[in-house]
Amino acid sequence: MPISIRKISAVIASMLLASSGAMAQSGDVPAGPGATDFASAKEVRTQIAAMLADMKPGQGFAWRPLVRDGAHVAAIEIWKKPGRPAVHPAEAEYAIVLEGAGTLISGGTLVAPVENRADLVEGERIEGGTTRPLRPGDVVLLPAGVPHWFGITGDRLVLLGTKLPAR
């Protein structure tokens, strides 16, 4: 059964606003430069189609913001090839599978870690992690510091994802 992208977009936008502390007790939604708190189902489909059209032959990954509140971003991620196993030391990662299928390995130990940036450590593989299949509608929440890897089943895996600051 297809998931409602409109509902997913609204939930992600609400999470971004709440997690940033930008939503006041009165329920006011902040306005400001670059604030976009809603994307319709049509806009989500249009963005995915545009991203797929822009991907070059052999390109394995594309990322583009969908909604944002200042520094907090919910983005469409298109995976056509698996990336390297990764850890985000200070950020949790939240994602919803929109299209395609894949595999998630999470937990365990990242082997041969290399810090590429302050917010990203990549490794060769994960030992001792838990493997789960991914299908449209699945929801993933990876706490900060947890090794993870997305594998691809078929031609692509499309996620709506965001990073949330560790508390």
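Predicted model only: the values in this text are computed from it and were never measured.

Here we take up the pattern of salt bridges. Per the counting criterion, the structure on display carries 8 salt bridges. Linking R117 and D119 is a salt bridge whose minimum nitrogen-to-oxygen distance equals 2.8 Å. For D119, a relative accessible area of 33% translates into the label partly exposed. Measuring nitrogen to oxygen at the nearest pair gives 3.4 Å for the salt bridge that ties D155 to R156. Accessibility expressed as a relative area gives 55% for D155, which makes it exposed. You can call R156 partly exposed: its relative accessible area is 22%. Overlapping salt bridges, with partners in common, bring together E99, D155 and R156 in one network.

Here the focus is the environment of E99. Tracing the sequence through the fold places E99 in strand β4 (residues 91-106). Assessed through its relative accessible area of 25%, E99 is described here as partly exposed. Residues E99 and L134 lie 35 residues apart in sequence; the distance between their C-alpha atoms is 9.7 Å. Aside from chain neighbours lying at most four places away, what touches E99 is I48, P136, R156, L157 and V158. Engagement of the side chain of E99 in a polar contact is seen with the side chain of R156, the distance being 3.4 Å.

Scoring rules and cut-offs
Within each chain, residue numbers correspond to sequence positions counted from 1 in written order. Reporting in this predicted model follows two pLDDT cut-offs: at least 70 for local features of residues, and 80 or more for side-chain atom pairs to be given and counted; totals over whole chains, interfaces and linings ignore these cut-offs and use all residues. Water and hydrogen atoms play no part in the side-chain values, which are based on all heavy atoms of the structure. The rule for a salt bridge is simple: a side-chain nitrogen of Lys or Arg has to be within 4 Å of a carboxyl oxygen of Asp or Glu. Any residue under 20% of the maximum accessible area for its type is buried, any over 50% is exposed, and the rest in between are partly exposed; the area is computed with a 1.4 Å probe on protein chains only. Secondary structure elements are taken from DSSP: a helix is a run of H or I of four residues or more, a strand is a run of E of two residues or more, and numbering for both begins at the N terminus. Contacts: residue pairs with any heavy atoms within 4.5 Å of one another. N or O atoms closer than or at 3.5 Å make up a polar contact, with two conditions inside protein: a donor-capable atom paired with an acceptor-capable one, and, for residues adjacent in sequence, both atoms drawn from side chains.

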